[in-house]
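# Fold and contact review
Take a look at the letters that make up each chain.
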Amino acid sequence: GENVEQHPSTLSVQEGDSAVIKCTYSDSASNYFPWYKQELGKGPQLIIDIRSNVGEKKDQRIAVTLNKTAKHFSLHITETQPEDSAVYFCAASIGAGGTSYGKLTFGQGTILTVHP
Amino acid sequence: KAGVTQTPRYLIKTRGQQVTLSCSPISGHRSVSWYQQTPGQGLQFLFEYFSETQRNKGNFPGRFSGRQFSNSRSEMNVSTLELGDSALYLCASSSHSYGYTFGSGTRLTVV
């Protein structure tokens, strides 16, 4: 089955710096890659996603890049703010069809701390 | 619009008991997935339902089961609870197998 590796496990940055989190996946059939942010006591919140027909997607301070050949994708957060502090999860999915319905395979998470 | 609602938020059960968790998806979403989140194993997929049918199932023992009703609300049941079942159980809904929105979860503690 699919396996997703996420690095680093912890990331500490100063306010205003950029943060980059990287993930690799194993199943070349995966074609959907969402990123979630989870704050204490809450469920994961979808912050950005990308499909395999796109190499890069940006939404204000957040961007995701995808390299299908190398089977890795990354989350980039620019101009970090203290409220960006949370646990971030990457995930991979084959999307709709076959035995993959509804199944996201998650990375182990990155604890991001932004110091004021 | 209202998000995904999970009830109860917290639950304490004794080993050997059974438990039922409830999930109300976003209006119009017909796909509901369930996940177990623990510090050691992370987020693991339990199963997915669409139009009252289970379309996908993760690698969990048969003690874990679920169902979906005609209004897309879903329940999951865990029988013969074990200490290792203590976890945050998350429900997520989507209209098209992408862009899943998660609820805040049910924190289950087995003592």
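The paragraphs below set out a description of the structure included in this document.

Parameters and conventions
Residues numbered from 1 in each chain as written. Chains lettered and ligands numbered in written order. Predicted model: local features only at pLDDT ≥ 70, side-chain atom pairs only at ≥ 80, totals over all residues. Heavy atoms only, no water. Pairing = 2+ DSSP bridges. Helix = DSSP H or I, 4+ residues; strand = E, 2+ residues; numbered from the N terminus. Axes fitted to C-alpha atoms, helices over the stretch in contact; angles between N-to-C directions. Core = buried A, V, L, I, M, F, W, Y, C linked by side-chain atoms within 4.5 Å. Buried < 20%, exposed > 50% of the residue type's maximum accessible area, 1.4 Å probe, protein only. Contact = heavy atoms within 4.5 Å. Phe/Tyr/Trp six-rings, centres within 6.5 Å; stacked < 30°, edge-to-face > 60°.

### Some thoughts on the sheet that holds strand E3 (residues 19-24) of chain B
Residues and elements named next belong to chain B. With respect to topology, four strands assemble into an open sheet ordered E1-E3-E8-E7, the strand pairing being antiparallel. Looking along the sheet, the strands with just one partner apiece sit at the ends: strand E1 (5-7) and strand E7 (64-68). Neighbour-to-neighbour, the strand axes of the sheet open up by a mean angle of 20°, direction not taken into account. Bridge count between E1 and E3: three bridges; the pairing is antiparallel. Directly across from Gln 6, in E3, lies its bridge partner Cys 23.

### Considering the nonpolar core
Residues Trp 35, Phe 73, Leu 75, Tyr 88 and Leu 112 of chain A are the most contacted members of the largest nonpolar core, which totals 24 residues. Contributing elements (two or more residues each) for this core: strand E2 (10-14), strand E3 (19-25), strand E4 (32-38), strand E5 (45-51), strand E7 (62-67), strand E8 (72-77), strand E9 (86-92) and strand E11 (110-115) of chain A. Beyond its immediate sequence surroundings of up to four residues, Phe 73 of chain A is in contact with Ile 21, Lys 22, Cys 23, Tyr 25, Phe 33, Trp 35, Thr 65, Leu 66, Cys 90 and Ala 91 of chain A. Formed by 21 residues, the second largest nonpolar core is a distinct cluster that contains Leu 21, Val 32, Val 78 and Cys 91 of chain B.

### Overview of the sheet that holds E8 of chain A
Residues and elements named next belong to chain A. Spatially, the five strands line up as an open sheet ordered E1-E3-E8-E7-E6, and their pairing is antiparallel. Strands at the two margins of the open sheet, each flanked by one partner only, are strand E1 (4-7) and strand E6 (56-59). Neighbour to neighbour, the strand axes of the sheet diverge by 15° on average, direction disregarded. In terms of strand pairing, E7 meets E8 through six bridges, oriented antiparallel. Residue pairing in the sheet places Ala 63 in a bridge with His 76 of E8.

### With respect to the packing of aromatic side chains
Any pair of aromatic rings gets described here by the distance separating the centres and the angle formed by the planes. Summed over the entire model, instances satisfying the criterion amount to 13 aromatic pairs over all chains. Ring centres 6.1 Å apart and planes at 55° place the aromatic pair Tyr 25 of chain A and Phe 73 of chain A in the tilted group. In this pair, Tyr 25 of chain A sits in strand E3 while Phe 73 of chain A sits in strand E8, placing the two residues 48 residues apart along the sequence. Here the aromatic rings of Phe 106 of chain A and Tyr 35 of chain B are separated by 5.6 Å at their centres, their planes lie at 90°, and the arrangement is edge-to-face. Residue Phe 106 of chain A is found in strand E10 (residues 105-106), and its partner Tyr 35 of chain B is found in strand E4 (residues 31-38); the two belong to separate chains. We note that Phe 106 of chain A, like Tyr 35 of chain B, is buried. Here a set of aromatic residues connected by ring pairs shows up, and it is made of Tyr 36, Phe 89 and Phe 106 of chain A together with Tyr 35, Phe 45 and Phe 102 of chain B.

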